[in-house]
Amino acid sequence: MAQVTVAIGDRLGKGQKVAQGVEAAGGKAIVVPGMAADMKLGDVMNSEQADFGISFCGSGGAGAITAQNKYGYKAKYGMRSIDEGVTAIQEGCKVLGFGFMDKEELGQKLVEAWLKKYGSA
């Protein structure tokens, strides 16, 4: 059984807590390193063949919009809650843009929602 692969890009170079949540739910987390990592999210998703990506920045949009424009990934952005992210996965979104929300629970709930929708990879 293949793992769910999740790329995480954070404007401030964070994302470690959400990555712990992804891994707690049985997923594989790829945290894009460095400042402005959200802007590289689409590139990393593409090169690593990630199942979905999570972008964090002040507005919750820049990295997700960039990934959508460059690679055509369905994106939802400007989100501020875990429930919004779960709904976005249910709607088939591949890139999820949040305001700064590096929480373990977020990663865990998103992977659980992906597995519920698509089953184990």
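Residues numbered from 1 in each chain as written. Predicted model: local features only at pLDDT ≥ 70, side-chain atom pairs only at ≥ 80, totals over all residues. Heavy atoms only, no water.

Chemist: Could you give me a rundown of the pattern of salt bridges, with the residues and numbers involved?
Modeler: Applying the stated criterion to the full structure yields three salt bridges. Its salt-bridge partner being D38, residue R11 comes within 2.9 Å of it at the nearest N-O pair. You can see R11 sitting in the loop between β1 (5-10) and α1 (16-24) and its partner D38 sitting in the loop between β2 (28-31) and α2 (41-48), a full 27 residues away along the chain. D38 gets classed as buried once you look at its relative accessible area, which sits at 0%. Salt-bridge contacts for K70 lead to D43; the nearest nitrogen and oxygen are separated by 2.9 Å. With K70 in helix α3 (residues 62-71) and D43 in helix α2, this residue pair connects regions lying 27 residues apart in the sequence. (Salt bridge = Lys/Arg side-chain N within 4 Å of Asp/Glu carboxyl O. Helix = DSSP H or I, 4+ residues; strand = E, 2+ residues; numbered from the N terminus. Buried < 20%, exposed > 50% of the residue type's maximum accessible area, 1.4 Å probe, protein only.)

Chemist: Summarise the packing of aromatic side chains; cite the residues concerned and give the values.
Modeler: Aromatic ring pairs: the centre-centre distance and the angle between the two ring planes describe each pair. The tally for this structure, following the rule as stated, stands at three aromatic pairs. Consider the rings of W114 and Y118, whose centres lie 4.8 Å apart with planes at 40 degrees: the pair is tilted. Of this pair, W114 and Y118 both sit in helix α5 (residues 104-118), separated by four residues, roughly a single helical turn. Take Y118: its relative accessible area is 41%, and that puts it in the partly exposed class. (Phe/Tyr/Trp six-rings, centres within 6.5 Å; stacked < 30°, edge-to-face > 60°.)

That's the geometry; what it means functionally is another story.
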